Protein chains: 2
Amino acid sequence: MRIALDAMGGDLGTVMAVQGALAAVRKNNDLHVILVGPRVHLEQQLVDSSSGSPEVINRITIHHASDVITMDESPVEAIRRKKEATIMVGFELVKNGEADAVVSAGNSGATMAAAIKKLGRLPGISRPGIASFFPTLKQPVMLMDIGANVDCRAQHLYQFAVMASSCSRLLLNCESPRVGLLSIGEESCKGNVLVKETHDLLKKSSLNFIGNVEGRDIYKGNVDVVVCDGFVGNTVLKVSEGLAEAAMHLLKREIMKTWRARIGYLFIREAFAGFKKQVDYAEYGGAPLLGIDGTGIICHGASNALAIANAIEVAASMVRNQVNPAIVRALNTSVV
Amino acid sequence: MRIALDAMGGDLGTVMAVQGALAAVRKNNDLHVILVGPRVHLEQQLVDSSSGSPEVINRITIHHASDVITMDESPVEAIRRKKEATIMVGFELVKNGEADAVVSAGNSGATMAAAIKKLGRLPGISRPGIASFFPTLKQPVMLMDIGANVDCRAQHLYQFAVMASSCSRLLLNCESPRVGLLSIGEESCKGNVLVKETHDLLKKSSLNFIGNVEGRDIYKGNVDVVVCDGFVGNTVLKVSEGLAEAAMHLLKREIMKTWRARIGYLFIREAFAGFKKQVDYAEYGGAPLLGIDGTGIICHGASNALAIANAIEVAASMVRNQVNPAIVRALNTSVV
């Protein structure tokens, strides 16, 4: 299993990529990581970080690429102009059979555009999208699309449901994922035009469609897959991040107000750490691109080594569990 | 200042309405509350709750109405069928000049429909909507629309911006509210078709438009008014509620795991209470209906007496500060 890692993506630089690759190969004996980035620079960092363990270093190779697509570049323009960018080279390796999947913490629009350009779509898929796991009170919930497609038709949302359902079934080992349609009320009459049309398609499909779910249901974990357009999904993601950050900030501000509370915090901080670990996106291993004819995982720009390592494992798991063939089969058997 | 209170709305029953009315008139000497609901029942509860203080009781009157529109009824159908429902009678009182505003914790769709039917729209407004304050790290932020209009055109979002800006300016005493357009990136090129079209309108307007904001910006408080369609706004509201609930639940689960953390909690619980007070929707006084030719406030279905009392104060403040005339003026001077 060879995973190409875009070593130039991510806000935290190549050192996080190197450490993430090391963590992943240390944990998984069958993994091989190909770092895609500036060779000399990466070789040095690998020597600095690996403490010379040969059985680990032997499973990390470097594929040179020196150009990078930055976070603020227009994806379509960037992939046309920068043919030697790390993310383009990563998907080229998959195309040539030299790697099985790509992981990147870089510009997510460019990653999607590069994937489509190099690998194309799966047969029958009109719009590939990005899925993401959300931590909940129970098992993680997969939300799709979280930002690739901001203007959708019902047929697109239906395909998101098919793709996310197949992916969730194989990755979480969940026999028949419950699929919910994100709306503003549980009744089938609630929602905008797009949601109402999608509701009809999902109801006729062979998916385990449980009807409309609301924003508050995502975190309860009473559903396995939640479907929405990329504008709404991206908003859900960012509102959640913003609220979590603001809440922690506010709570800390309250705790710092009195000595009593500060002392209490010393007793309770392990519980806070346990809480943080449960809601930390880094534990959830990045967001799969679904609908491309290959495997790609997008990580948060601020990914640390743990997040990168988990994303590499998810990429490997997607290839091993043959998520793409399952998507194609599901699309053919669940035609609406 | 006479505020009609729908005493049958709300999941917690008439007792909450009575207690909310009492709290509001106790705190504000110039307030008069008209409880709209079953007379005999309300009279008894008023006697039970008021501890016989005459100067308070004198400022609460009862207007009999016995029918109620429940949470699960279709708004349009319900207001046609139940002409004597509390919420219909409430707006009738405003129409007849017997009350200055209405507060209801009942079916929000029916409240909006009743308001439009009884009072009509403000001149020039095509779609009235619901605005709501969100707690943030700084001042509260007003989001509009939070659910009345699920399929919008750019012109509607532009009018939401004008209405929420006028309301925020007068209620929060903020000279020139910063208006942000909710999107999935700060650059003007980011967003769906609706957002891009709205961006152009807002840019040309005389509002203090600061450009696109993202979901995570809402809770930072670096913006005063955030504009979005009702589907997205309602999703933001419900995702926030769901995440906050789930986070508190998870944190408590972690705390209960060890004795050490349980003891720490005893020291820290005042900080938790302070935090809860800051994020409690009950402190924020309900959601104004904007764009109707009158004043109406919708409260959360689970509103307690504090939430009801605060909503009554917001309603009074909207009338006193002449929010509606300001909206009409702003619409006339900021024509796009």
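Here, the structure is the one placed above.
Residues numbered from 1 in each chain as written. Chains lettered and ligands numbered in written order. Predicted model: local features only at pLDDT ≥ 70, side-chain atom pairs only at ≥ 80, totals over all residues. Heavy atoms only, no water.

> Let's hear about the overall build of chain A: which residues, and what values?
Summing up its helical and strand segments, chain A has 13 helices and 11 strands in all. Relative to the globule expectation of 20 Å for 336 residues, the C-alpha radius of gyration of chain A, 21 Å, shows essentially globular dimensions. Dimensions of chain A along its principal axes, counting C-alpha atoms only, are 60 × 60 × 35 Å. Here chain A holds 336 residues, and the buried ones make up 58% of them. Partitioning the contacts of chain A with sequence separation of at least 6, the portion at a separation of at least 24 is 74%. (Helix = DSSP H or I, 4+ residues; strand = E, 2+ residues; numbered from the N terminus. Rg over C-alpha atoms; globule rule 2.2 N^0.38 Å. Buried < 20%, exposed > 50% of the residue type's maximum accessible area, 1.4 Å probe, protein only. Contact = heavy atoms within 4.5 Å.)

> Could you give an account of the packing of aromatic side chains, naming the residues involved and the relevant values?
Residues and elements named next belong to chain A. Applying the stated criterion to the full structure yields 5 aromatic pairs over all chains. Centroid distance Tyr265 to Phe272: 5.5 Å. Interplanar angle 55°. Geometry classified as tilted. Seen from the ring of Trp259, Arg262 lies directly overhead, with NZ or CZ sitting 4.5 Å from the centre. (Phe/Tyr/Trp six-rings, centres within 6.5 Å; stacked < 30°, edge-to-face > 60°. Lys NZ or Arg CZ within 6 Å of the ring centre and 35° of its normal.)

> Outline the packing of helix α1 (residues 14-27) of chain B against helix α2 (residues 39-50) of chain B, supporting the account with residue identities and numerical values.
Residues and elements named next belong to chain B. At their nearest, the axes of α1 and α2 sit 10 Å apart, and the two run at 55° to each other. One finds that α1 runs oblique with respect to α2. Seen from above, α1 lies across α2 with right-handed handedness. Facing α1, whose interface residues are Thr14, Val15, Val18, Gln19, Leu22 and Arg26, α2 presents His41, Leu42, Gln45, Leu46, Ser49 and Ser50. Looking at the contact of α1 with α2 residue by residue, the classes come out as 5 nonpolar, 6 polar and 1 charged. (Axes fitted to C-alpha atoms, helices over the stretch in contact; angles between N-to-C directions. Parallel < 35°, antiparallel > 145°, perpendicular 65-115°, else oblique. Left-handed = near helix turned anticlockwise from the far one by under 90°. Nonpolar A, V, L, I, M, F, W, Y, C, P; charged D, E, K, R; others polar.)

> For unusual backbone geometry, give the residues involved together with the corresponding values.
All names here are of chain A. The linkage connecting Met144 with the following residue, Asp145, adopts the cis geometry, with an omega of 10°. Looking at the secondary structure, you find Asp145 in the loop between β6 (141-144) and α7 (154-171). For Asn173, which is not a glycine, the phi torsion comes out positive at approximately 55°. With respect to the helices, strands and loops of the structure, Asn173 is situated in the loop between α7 and β7 (179-182).

> With reference to specific residues and values, describe the relation of the copies chain A and chain B.
When chain A is fitted to chain B, the best match, at an RMSD of 0.0 Å, comes from turning it 180° and sliding it 0.0 Å along the axis. Taken together, the rotation angle and the small translation identify this as a two-fold axis. Among all residues of chain A, the one whose C-alpha sits closest to the rotation axis is Gly264 of chain A, at a distance of 2.1 Å. When the interface residues of chain A are mapped onto chain B, 100% of them again lie at the interface, so the same face is used by both copies. (Least-squares fit on C-alpha atoms with pLDDT ≥ 70 in both.)

> Mind laying out the interface of chain A and chain B, listing which residues take part and the relevant values?
Taken together, the contact between chain A and chain B spans 52 residues of the former and 52 residues of the latter. Summing both sides of the interface, chain A and chain B together bury roughly 5,000 Å²; the carbon and sulfur share of this comes to 70%. Of all residues in chain A, the largest losses of buried area upon contact with chain B belong to Leu137, Ile184 and Phe231 of chain A, amounting jointly to 14% of the total for that side. The partner of Glu214 of chain B in a salt bridge is Lys238 of chain A, with the nearest N and O atoms 2.3 Å apart. Put simply, chain A and chain B have 14 residue pairs in polar contact (both at pLDDT 80 or more) between them. Elements with a minimum of two residues in the side of chain A that touches chain B: α8 (193-204), α9 (215-218), α10 (230-255) and α11 (259-279) of chain A. By residue number, the principal contributor to the side of chain A that touches chain B is α10 of chain A, which donates 20 residues. (Buried area = accessible area lost by both parts, 1.4 Å probe. Salt bridge = Lys/Arg side-chain N within 4 Å of Asp/Glu carboxyl O. Polar contact = N/O pair within 3.5 Å; in protein donor to acceptor, adjacent residues only side chain to side chain.)

> Describe in detail the pairing of strand β8 (residues 209-213) of chain A, supporting the description with residues and values.
All names here are of chain A. Burial of β8 is extensive: 4 of the 5 residues sit out of reach of the surface. Pairing between β7 and β8: 4 bridges, direction parallel. Residue pairing for β8: Leu181 is matched across the bridge by Asn212. (Pairing = 2+ DSSP bridges.)

> Report on the pattern of salt bridges, specifying residues and quantitative values.
Tallied over the full model, the rule gives 28 salt bridges over all chains. A salt bridge links Asp100 of chain B to Arg2 of chain B; its shortest N-O distance comes to 3.2 Å. Residue Asp100 of chain B is located in the loop between α5 (86-95) and β4 (101-104), and its partner Arg2 of chain B is located in strand β1 (residues 2-6); the two are separated by 98 residues in the primary sequence. Residue classification places Asp100 of chain B among the partly exposed positions, given a relative accessible area of 23%. The class for Arg2 of chain B is partly exposed, based on a relative accessible area of 29%. For Glu92 of chain B, the salt bridge goes to Lys118 of chain B, with nearest N and O atoms at 2.6 Å. Highlighted residues: Glu92 of chain B in helix α5 and Lys118 of chain B in helix α6 (residues 108-119), separated in sequence by 26 residues. On the basis of relative accessible area, Glu92 of chain B is assigned to the partly exposed category, the value being 26%. If you follow the salt bridges from partner to partner, you end up with Glu214 and Arg216 of chain A together with Lys238 and Glu241 of chain B in one network.

These figures capture arrangement, not role.
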